[in-house]
Amino acid sequence: MTADAWPALDGLVYGGDYNPEQWPREVWDEDVRLMREAGVNLVSVGIFSWAMLEPKEGLYDFAWMDDLLDLLHAHGISADLGTPSVSPPAWFFDAYPDARVTTKDGTVMGFGSRGMASHASPEYRAAIERMAGELAQRYGSHPAVVLWHVHNEYGVPVAEDFGPRAVASWHRWLQERYSTLEGLNSAWGTAFWGQRYDDWEHVVAPAATPTIANPAMRLDWARFTDDQLRECFRIERDAIRAHATQPITTNFMAHQSWNTDLWKWAQEVDVVADDHYLWSPDEDAHIGLALSADLTRSVAGGAPWMLLEHSTSAVNWQGRNIAKRPGEMRRNALTHLGRGADAIMFFQWRASRSGAEKFHSAMVPHAGTDSRVFREVVELGAHLKDAAEVQGSRVHADVAVLYDWESLWAQDLEWRPSDDLQFRERMRAYYERLWRDGVTVDFAHPEHDLSRYRLVVAPASYLLTASAGRNLTRYVENGGTLLVSAFSGIVDEHDAVHEGGFGAPLKDALGVTVEEFLPLREGESCTVDLDGTALPADVWSEHMRLAGADARGTFRDGPAAGMPAITRHSHGAGHGWYVGTRLSAAALAGVMPAIYADAGVETAAQAEDLEVVIRRGDAHDFVIAVNHGAADAELEISGTDLLTGAAIDGTLELVGGGVAVVRTARQGGGHG
Ligand code: GAL
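Here the structure is a predicted model, which is why all the values come from computation and not from measurement.

A. Quick look at the site of the ligand. Taken together, Phe48, Arg114, Asn152, Glu153, Asp275, Tyr277, Glu309, Trp317, Phe347, Glu357 and His360 are the residues near the ligand. The side chain of Asn152 places a nitrogen or oxygen atom 2.8 Å from an oxygen atom of the ligand. Trp317 is positioned such that a nitrogen or oxygen atom in its side chain is 2.8 Å from an oxygen atom of the ligand. Calculation on the ligand without its partners gives an accessible area of 310 Å², and the protein chains cover 94% of this total. Taken together, the residues of the shell around the ligand break down into 4 nonpolar, 2 polar and 5 charged.

Here it is, written out as structure tokens:
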């Protein structure tokens, strides 16, 4: 299966989650009228509707869904039909109490929320297969249905289950992975703390333990949990496929998901779909948004993807739910579009009056249609119509950032040299530097073919297999520029330290190894001298040993005073750079120019707040420009702004907070 199918719809997709079962029937008529007004062409339905579709076991009520799909179709609106497996009804848990999830500390979770079923439960698996099959049989050829939406956000609110059924599946999974107990004992290093196993039945799951559990077991448990979720997806997908031909997807959460290895998930869906919400404490949350969008496009292999959920304004589930300011929703949507989304959708169409999410924003807010949000929703719908020809064009990047969920799982376990060196934080800092420099990036797995990239950046590659190390070394040998950040190449796929010392798999590429980690105390900082400038650093320093590389930056103070901090190594036809400390996105500005120069990567000339991404079409390029600053900005470009129809001759003037989608001449290069 490849993630490059697309629902049968013309132009860009616009819409949101639609939960009409929360409203009297007459509201539905108003809804479809307003959807037309807003330019909506797709809504996701049925995601939480199991209790309405099957009020008693085996007793189905499809009449309301028939009515709904017919109504949508009559108004020219298509449906992304959900399977309701994230929220089985009360009767299900009453009949099958063992299908509930057991937490790490042994608590069995009760009904009354959502997402509480055990993915290991045979009864749950049978029920979701049956329900998906029933829906597909009934609606597989309904003209409104153009897409299937399996489940909702795998991995949240719960992914792990420590109940007896899950543990039995865990044993089967381990037997398949290791065949023998010797294999398992060796992979987990069970000679340590006397954890050796001589009977499969004795193998535990990493539930509550007196002190930390075996980290190799934890890493396998994360893989197992992810596999279980994917098995459940396949059950539903295959049940649908038996009766229906429309593309099938599920909504990912890219950089916000912890439990799902999206490189693997993307192989299972027909089209990649993502949800994204701004993180309110982050004042530059639009940069995190861009990261998430690039990551989603990358797992999709560069194919156009669907943003199935974002918010028109505030969400309801953060500590302080910050409303979007006028124009912010449009900027967010256009960033997603620029970074490859051909579908821009929201959670949700109409704000709920009751329940846990009544303070969540919507396309139709509680204030009704005479509101700023609804007016902006209508305007965005019009923009997407005007920009329809962008559909199918592709983003091109010369730089790749390495992203591996297995490394995230391993690095974020306990008892690392410093709690302050975190995968996501490092990913964001390096990404932010590239974003501020106007450099468009793809994300890649360390074992991918990287030869098409001029520069590969590894902000957090703690877990790096020997074969990934060879891949990166070959990449440098063949002329690539590699930039690696501290605490990378430390362990193998079993969380065991590589033989040959810290960083051994990258020794040839980087010309350094690390003798000892010298992390800093909380709140401490140090300084790195780089070609005469002083860069502030914190959290991490180390005793690095040069093995061919040149020291470019040196620790001025702190525990590594006088030792190399930043190095450059010539290897084969390329260069390996290494940064042995934690530098902020701002401090990285001092390091990057020399690296860009080695790689032949050009940075953008426009103002830093002006985000510019190019999508390449068959006949034209489309330049999506989003001004995040309050001040007006300029971009050198000629073409037509599809949103206004204005001709641009040499210079696009973009007001503070403004956006543009400029059709321009092709800059050369292949399609994608
Ligand atoms: C998503 C979820 C939606 C809704 C939304 C609120 O994670 O898929 O159902 O809960 O969050 O922001």
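B. Highlighting the sheet that holds strand S16 (residues 525-530). One open sheet holds the 9 strands; their spatial order is S12-S11-S13-S14-S21-S20-S19-S16-S17, and the pairing between them is mixed. Of all strands in the sheet, those with a lone pairing partner are strand S12 (441-444) and strand S17 (533-538), marking the two edges. Within the sheet, the average angular offset between the axes of one strand and its neighbour, ignoring direction, is 20°. Relative to strand S21 (residues 574-579), strand S14 (residues 481-485) is paired through 5 bridges, and the arrangement is parallel. Among the inter-strand pairings, Val484 is bridged to a residue of S21, identified as Tyr578.

C. Layout of the sheet that holds strand S9 (residues 341-346). Overall, parallel pairing links the 9 strands, which are arranged S5-S4-S3-S2-S1-S9-S8-S7-S6 in an open sheet. Each end of this open sheet is capped by a strand with a single partner; those strands are strand S5 (248-249) and strand S6 (251-252). Examined bridge by bridge, S6 and strand S7 (residues 273-275) share 2 bridges and lie parallel to one another. When the bridges of S7 are listed, Phe252 appears paired with Asp274. The sheet contacts of helix H3 (residues 63-74) involve strand S2 (42-45), strand S3 (78-82) and strand S4 (145-149), and relative to S2 the element is tilted by about 170°.

D. Summary view of the pattern of salt bridges. One pass over the full model with this rule turns up 49 salt bridges. Here Asp442 makes a salt bridge to Arg297, at a shortest N to O gap of 2.9 Å. Linking Asp442 in strand S12 with Arg297 in helix H10 (residues 285-299), this pair joins segments that are 145 residues apart in sequence. Taken individually, Asp442 and Arg297 each receive the classification buried, so the pair is uniform in this respect. The network of salt bridges with shared partners includes Asp282, Asp284, Arg428, Glu432, Arg433, Arg436, Asp437 and Glu608.

E. Structural detail: the nonpolar core. Val45, Leu72, Trp148, Leu334 and Ile566 are the most contacted members of the largest nonpolar core, which totals 170 residues. A per-element tally of this core places helix H5 (residues 122-139) first, with 8 residues. Discounting chain neighbours no more than four positions away, the residues touching Ile566 are Val528, Leu530, Leu535, Asp550, Ala551, Arg552, Gly553, Trp577, Tyr578, Val579, Leu583 and Val591. Listed in part, the 19 residues of the second largest apolar core include Phe162, Leu184, Ala205 and Trp221.

Cut-offs and rules
- Residues numbered from 1 in each chain as written.
- Predicted model: local features only at pLDDT ≥ 70, side-chain atom pairs only at ≥ 80, totals over all residues.
- Heavy atoms only, no water.
- Near = heavy atom within 4 Å.
- Polar contact = N/O pair within 3.5 Å; in protein donor to acceptor, adjacent residues only side chain to side chain.
- Areas by Shrake-Rupley, 256 points an atom, 1.4 Å probe, with all protein chains shown as cover.
- Nonpolar A, V, L, I, M, F, W, Y, C, P; charged D, E, K, R; others polar.
- Pairing = 2+ DSSP bridges.
- Helix = DSSP H or I, 4+ residues; strand = E, 2+ residues; numbered from the N terminus.
- Axes fitted to C-alpha atoms, helices over the stretch in contact; angles between N-to-C directions.
- Contact = heavy atoms within 4.5 Å.
- Salt bridge = Lys/Arg side-chain N within 4 Å of Asp/Glu carboxyl O.
- Buried < 20%, exposed > 50% of the residue type's maximum accessible area, 1.4 Å probe, protein only.
- Core = buried A, V, L, I, M, F, W, Y, C linked by side-chain atoms within 4.5 Å.

Don't take any of this as a statement about function, it's just geometry.
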